[in-house]
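Take a look at the letters that make up each chain.
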Amino acid sequence: QVQLVESGGGLVQAGGSLRLSCAASGRTSSGYVMGWFRQAPGKEREFVAANSWSSGSVLYADSVKGRFTISRDNAKNTVYLQMNSLKPEDTAVYYCAAGGRTVTAALGYDYWGQGTQVTVSS
């Protein structure tokens, strides 16, 4: 019903920046909570950030506060994750998700993108 496609990942040196984009199509709604998650090899998928357009609120994992910024442009059906001051421990596949009920829990989201790889070198 909703398709999400992430882009913008790549290889960056520690301290660098990347902007991830998530383009949504299909039966989209501005009412969806949009979230970003990441999963490193051997680790569980973890919450990164979420944005509620209706309320204007955002929520970040403690590990990325002050470094990452989530935003969305409903006119473009796109959500962004600006990542600054990247660290090697940020290396992971990053996924966008939509429709969250439990905002910080992956199981609370209904739709997922395919993921985009972010690799941060030392």
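Predicted model only: the values in this text are computed from it and were never measured.

A few words now on the environment of W112. Take W112: it is sitting in strand 10 (residues 111-112). Look at W112 and you get partly exposed, because its relative accessible area is 26%. Put simply, W112 and Q3 are 109 residues apart on the chain and 7.4 Å apart in space, counted from C-alpha to C-alpha. If near-sequence neighbours (up to four positions away) are discounted, W112 is found in contact with L4, F37, R45, Y95, C96, A97 and A106.

On to the sheet that holds strand 7 (residues 68-73). Ordered by their spatial adjacency, four strands build an open sheet running 1-3-8-7, and the pairing between neighbours is antiparallel. A strand with exactly one partner marks an edge of an open sheet, and here the two such strands are strand 1 (2-7) and strand 7. Shown here is a sheet whose adjacent strand axes are inclined to one another by a mean of 15 degrees, direction ignored. The pairing of strand 3 (residues 18-26) with strand 8 (residues 78-83) spans six bridges and is classified as antiparallel. In the strand pairing of strand 8, C22 is matched with V79.

The rules behind each value
Residues numbered from 1 in each chain as written. Predicted model: local features only at pLDDT ≥ 70, side-chain atom pairs only at ≥ 80, totals over all residues. Heavy atoms only, no water. Helix = DSSP H or I, 4+ residues; strand = E, 2+ residues; numbered from the N terminus. Buried < 20%, exposed > 50% of the residue type's maximum accessible area, 1.4 Å probe, protein only. Contact = heavy atoms within 4.5 Å. Pairing = 2+ DSSP bridges. Axes fitted to C-alpha atoms, helices over the stretch in contact; angles between N-to-C directions.

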